[in-house]
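Take a look at the letters that make up each chain.
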Amino acid sequence: MSLKQQIDADIKKAMLAKNKEELEALRSIKSLILLAETDKGASEEISADKENKLLVKAAKQRKESADIFTQQSRQDLADKELFQLNVINRYLPKQMSQDELESTLKNIIEQTGAKGPSDLGKVMGIATKSLAGQADGKVISETVKRLLGA
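Attention here is on the structure that accompanies the text. These numbers were taken from a predicted model, which means no experiment stands behind them. Each chain carries its own residue numbering, running from 1 in the written order of its sequence. Reporting of local features is limited, given that this is a predicted model, to residues whose pLDDT is at least 70; pairs of side-chain atoms are given and counted only at 80 or more, and all residues count toward the totals for whole chains, interfaces and linings. Hydrogens and waters are ignored; side-chain quantities use all the structure's heavy atoms.

1. Here we look at the overall build of the protein chain
Then, number 1: The helix and strand tally for the protein chain stands at seven helices and zero strands.
Then, number 2: Numbering of helices and strands runs from the N terminus; a helix is a DSSP stretch of H or I covering at least four residues, while a strand is a stretch of E covering at least two. Taken from N to C terminus, the helices and strands of the protein chain fall in the order α-α-α-α-α-α-α.
Then, number 3: Based on the C-alpha atoms only, the size of the protein chain along its principal axes is roughly 55 × 45 × 30 Å.
Then, number 4: For the protein chain, the proportion of its 150 residues judged to be buried stands at 33%.
Then, number 5: Within the protein chain, contacts between residues at least 6 apart in sequence are counted, and of these 58% link residues at least 24 apart.
Then, number 6: Note that accessible areas follow from Shrake-Rupley with a 1.4 Å probe, and for residues the cover is restricted to the protein chains shown. Taken as a whole, the protein chain presents about 9,700 Å² of accessible surface, with 52% of it coming from carbon and sulfur.
Then, number 7: We treat Lys and Arg as the positive residues and Asp and Glu as the negative residues; His and chain ends play no part in the count. Throughout, a charge is located at the NZ atom of Lys, the CZ atom of Arg, the CG atom of Asp or the CD atom of Glu. Considering the protein chain, the positive charge centre built from 25 side chains and the negative charge centre built from 23 side chains are found 2 Å apart. To sort residues, take the accessible area from a 1.4 Å probe on protein chains only and compare it with the maximum for the residue type: under 20% means buried, over 50% means exposed, and anything in between is partly exposed. Two residues form a contact once any of their heavy atoms are found within 4.5 Å.

2. Topic: the packing of helix α2 (residues 20–37) against helix α3 (residues 48–71)
Then, number 1: In contact at an axis separation of 10 Å, α2 and α3 are set at 135° when each is read in the N-to-C sense. By the angle class used here, α2 and α3 are oblique. Between α2 and α3 the crossing geometry is right-handed. Seen from α2, the contacting residues are Ser-28, Ile-29, Leu-32, Ile-33 and Ala-36; seen from α3, they are Lys-50, Leu-54, Leu-55, Ala-58 and Arg-62.
Then, number 2: Gly counts as polar in this scheme, as do all residues outside two lists: the nonpolar Ala, Val, Leu, Ile, Met, Phe, Trp, Tyr, Cys and Pro, and the charged Asp, Glu, Lys and Arg. Taken together, the residues of the contact of α2 with α3 break down into seven nonpolar, one polar and two charged. Between N-to-C directions, angles span 0 to 180 degrees; the directions come from axes that are lines fitted to C-alpha atoms, helices contributing only their stretch in contact. In these notes the angle categories are as follows: under 35 degrees is roughly parallel, over 145 is roughly antiparallel, 65 to 115 is roughly perpendicular, and the rest is oblique. Each helix crossing is assigned a hand: it is left-handed if the near helix lies turned anticlockwise from the far helix by less than a right angle, otherwise right-handed if that turn is clockwise.

3. What to know about the nonpolar core
The nonpolar side chains of soluble globular proteins are, as a tendency, buried together.
Then, number 1: Here, nonpolar core refers to any group of buried Ala, Val, Leu, Ile, Met, Phe, Trp, Tyr and Cys residues whose side-chain atoms link them within 4.5 Å. Grouped together as the largest cluster of nonpolar side chains are 20 residues, with contacts concentrated most on Ile-7, Leu-26, Ile-29, Leu-55, Ile-88 and Tyr-91.
Then, number 2: The set of elements that each furnish at least two residues to this core consists of α1 (3–16), α2, α3 and α4 (75–89).
Then, number 3: Looking at this core, the element that brings in the most residues is α2, giving six residues.

4. Topic: the layout of surface pockets
Empty space left among the atoms is revealed by rolling a probe the size of a water molecule over them.
Then, number 1: Size it by volume and the largest pocket reaches roughly 770 Å³.
Then, number 2: Two kinds of site are reported from a 1 Å grid over the protein atoms alone, namely cavities, where a 1.4 Å probe fits but cannot get out, and pockets, open sets with protein on both sides within 12 Å along at least five of seven lines, and residues are called lining when an atom falls within 4 Å of a point. Lining the largest pocket are 29 residues, and of these Val-56, Lys-60, Ala-135, Asp-136 and Gly-137 lie nearest its centre.
Then, number 3: Put simply, the parts of the chain that give the lining of the largest pocket at least two residues each are α3, α4, α5 (98–112), α6 (120–130) and α7 (137–148).
Then, number 4: With nine residues, the top contributor of residues to the lining of the largest pocket is α3.
Then, number 5: Residue composition of the lining of the largest pocket, grouped by class: eleven nonpolar, nine polar and nine charged. Grid points are joined across faces, edges and corners, and a volume is the space filled by probe spheres set on the points.

In structure tokens:
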């Protein structure tokens, strides 16, 4: 079952349960998918990889918005963003733990033959592609810098 079909099924469930907040979050995800499908040059169906990228971007936006609302003492708006973030996280692949991330990054560093901070770009290029959706780019970057001794 594709992400779009899963979202449609969950929208129906939310409508039957009269859960307005969840319905709003699900519709925003569906909207992202529909916009991606109708972009210029896009094929009929978008790939699972592209769907993951859309969800990661949406999750990041929700988290940043919630942080800003919290700083501005608007907890009501922050709570709404965090709820939508939780709904989005249900559809994202399981995030790697710090130990799993370090282990994977050590393997990538070994494969690329990276020796120090000057090889950061070489490692990051491979790491971001292979770990897309499984770990936040910022966390990957910080871990690689630490492992390379930057």
